[in-house]
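# Report on the structure
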Amino acid sequence: METTIIISFCALLLIAYLFDLTSSKTRIPSVILLLFLGWFIKQITDFLDIPLPVFSELLPLFGTIGLILIVLEGSLELEFNKSNLGLIKKSFFGALIPMLALSFILAYLFQQYGTGDYTFKSSLINAIPFCIVSTAIAIPSVKYLSSKDKGFVIYESSFSEITGVVFFNFISLNEHFGFYSFGSFGLQVLIIFVISFISTIGLSFLLSKIEHQIKFVPIILLVILIYAVSKTYHLPALIFIMIFGLSIGNLDELKSFKWIERFKPDELNREVIKFRELVVEATFVIKALFFILFGYLIETSEIFNTETLKWSLGIVAAMYIFRAAQLKLSGLALNPLLFVAPRGLITILLFISILPAQNIDLVNRSMIIQVIIITALIMMFGLMATNRQKN
């Protein structure tokens, strides 16, 4: 039994690696192939009546760790300097404003045209997951775009996830909205910035001083630990992940601060390069397992559910209308950025974290799955068309 599990585990990850290798040529997002792989395994195990343990409880675990590593990987790659400030500003507002506008519009539509008697707050909580761009799908899919387009997607998707999660938690955790709730939220943001500053200095110090042969795994474990503890106290923990990644990934920009010399930035830079390589490989493993597992848990009837399909198509259409307007106002080219707005890991995580009392019947697994697949397919065909035009 143990041998079978080891063979299956290794084979699945090698297939996932093959998908990742070929995605640059085929322009097919690896997530589509991973979801199909998981679904295909489910069909085989059901047909052969092979008993397997219940995996659904592992999904939030893989998803949370994957989210941390993906945001960390993306922030480590970003160059933060004066020349990028304009792009960062466009990315931030390009992520925030459409997310807020689309969330409120979808919430209104859910409340007005849904089949149940929903409160606006419950409708808004269920709408937010649809309005967040997935770093897990977007970032790996733009490896071969221009540096400007790639930078915009990395910043935008990271900001979209951070602001989206913060907005989701703010709405779901507050019963009433007034001076106290907004004041408490402002205090939480301030606290996480202080924690981020202290933790980044401490982790950078450890990264530069640990001489043991095992030095990067403890750093990653501490990052996950700080994130988890911050989440326990309802702090916007993704802000810490992004600040830490940006700080150690841009040591050259921080050399003007005298205190940074204590960390020997040139030596630390070499360690950061090794650390980034480990993060990239760990991200690949966790992300592959998450999407294979999610694909395994998908029922065929959920994909082809005609009752939710019209809503899914309407939501996707609204997404791209807002995205086109956002890109035009930002002065950015529609092609290929218009197509790079996939929903994925964070949408799933937020959906499964909604409390039963806040669920609405209209929004279900079928709708989530359909929106994820449709946006991934649109991105795939859009990037394929862009590639043909360049060739």
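One structure accompanies this document, and this report is about it. Every chain is numbered on its own, with residues counted from 1 as its sequence reads. Per-residue local features of the predicted model are confined to residues with pLDDT of at least 70, and side-chain atom pairs are confined, for both listing and counting, to 80 or more; whole-chain, interface and lining totals are unaffected and use all residues. The basis for every side-chain value is the complete set of non-hydrogen atoms in the structure, without hydrogens or water.

Residues F110, F130, I241, F244, F275 and F291 are the most contacted members of the largest nonpolar core, which totals 119 residues. Here a helix means four or more residues in a row that DSSP labels H or I, a strand means two or more in a row labelled E, and each is numbered from the N terminus. It is helix α11 (residues 265-297) that provides the largest number of residues to this core, a total of 14 residues. What F110 contacts, discounting residues up to four positions off in sequence, is Y118, S123, N126, A127, F130, W311, I315, I360, L362 and V363. Buried Ala, Val, Leu, Ile, Met, Phe, Trp, Tyr and Cys residues that are joined via side-chain atoms within 4.5 Å together make up what is termed a nonpolar core. For every residue, the accessible area (1.4 Å probe, protein chains only) is compared with the maximum for its type, and the residue is labelled buried under 20%, exposed over 50%, or partly exposed between those bounds. In what follows, residue pairs with any heavy atoms lying within 4.5 Å of each other are defined as contacts.

What follows concerns the pattern of salt bridges. By definition, a salt bridge exists where a carboxyl oxygen of Asp or Glu is found within 4 Å of a side-chain nitrogen of Lys or Arg. Applying the stated rule across the entire model yields four salt bridges. Ionic pairing is found between R365 and E302, a salt bridge with its closest N-O pair at 2.8 Å. Here the residue R365 occupies a position in helix α15 (residues 365-390), and E302 occupies one in helix α12 (residues 300-303), the gap between them amounting to 63 residues.

So, on to the side chain of S122. Mapped onto the elements, S122 comes out in helix α5 (residues 120-127). For S122, a relative accessible area of 13% corresponds to the buried category. Those residues within four positions of S122 in sequence are excluded, and the remaining contacts are A357, Q358 and I360.

Another aspect to go through is the packing of helix α4 (residues 85-113) against helix α13 (residues 306-330). The interhelical angle for the contact between α4 and α13, taken along N-to-C directions, is 150°, at an axis separation of 10 Å. Viewed along their axes, α4 and α13 adopt a mutual orientation that is roughly antiparallel. Viewed along their axes, α4 and α13 form a crossing whose handedness is right-handed. Two secondary-structure elements touch here, α4 through K90, G94, P98, A101, L102, I105, L106, L109, F110 and Y113 and α13 through W311, I315, A318, M319, F322, Q326 and S330. When residues are sorted by character, Ala, Val, Leu, Ile, Met, Phe, Trp, Tyr, Cys and Pro go into the nonpolar class, Asp, Glu, Lys and Arg into the charged class, and all the rest, Gly among them, into the polar class. Considering only residue class, the contact of α4 with α13 consists of 13 nonpolar, three polar and one charged. Every angle, taken between N-to-C directions, lies between 0 and 180 degrees, and every axis is a line fitted to C-alpha atoms, over only the stretch in contact when it is a helix. Should an angle fall under 35 degrees it is called roughly parallel, over 145 degrees roughly antiparallel, and 65 to 115 degrees roughly perpendicular, with every other angle called oblique. By definition, any crossing whose near helix is turned counterclockwise from its far helix by less than a right angle is left-handed, and any crossing with a clockwise turn is right-handed.

Turning to the packing of aromatic side chains, a few remarks are in order. A pair of aromatic rings is counted whenever rings of Phe, Tyr or Trp (Trp by its six-membered ring) have centres within 6.5 Å, and the orientation is called stacked for planes under 30 degrees apart, edge-to-face for over 60 and tilted otherwise. Inspection of every chain in the model, using the stated rule, returns 17 aromatic pairs. With centroids separated by 6.0 Å and ring planes inclined at 15°, the aromatic side chains of Y155 and F159 adopt a geometry described as stacked. A residue pair is termed a helical-turn pair when its members lie 3 or 4 positions apart in one helix, as Y155 and F159 do in helix α7 (residues 147-173) at four residues. Across this residue pair, the class does not change: Y155 and F159 are buried. Grouped by ring-pair contacts, the aromatic residues F92, F93, Y155 and F159 constitute a single cluster. The ring of Y296 carries the charged tip of K42 above its face, separated from the ring centre by 5.5 Å. Only Lys NZ and Arg CZ are tested; either one counts as a charge over a ring when it is within 6 Å of the ring centre and within 35 degrees of the ring normal.

Right, let's talk about helix α9 (residues 216-232) for a bit. Given a helix with a known number of residues, its expected span is that number minus one, times 1.5 Å. Taking 1.5 Å of rise per residue, the 17 residues of α9 would be expected to cover 24 Å, and the 25 Å separating its terminal C-alpha atoms lies within 8% of that figure. Buried within α9 we find F216, I219, I220, V223, I226, Y227 and S230. Axial view of α9: buried residues confined to an arc of 125°, hence all on one face. Counted as exposed and oriented over 90 degrees from the buried face of α9: L221 and T232. Just downstream of α9 lies H234, where phi reads positive at about 60°. Of all possible arcs, the one meant is that of the directions from the helix axis to the C-beta atoms.

The quantities given are spatial measurements derived from coordinates; they are silent on function.
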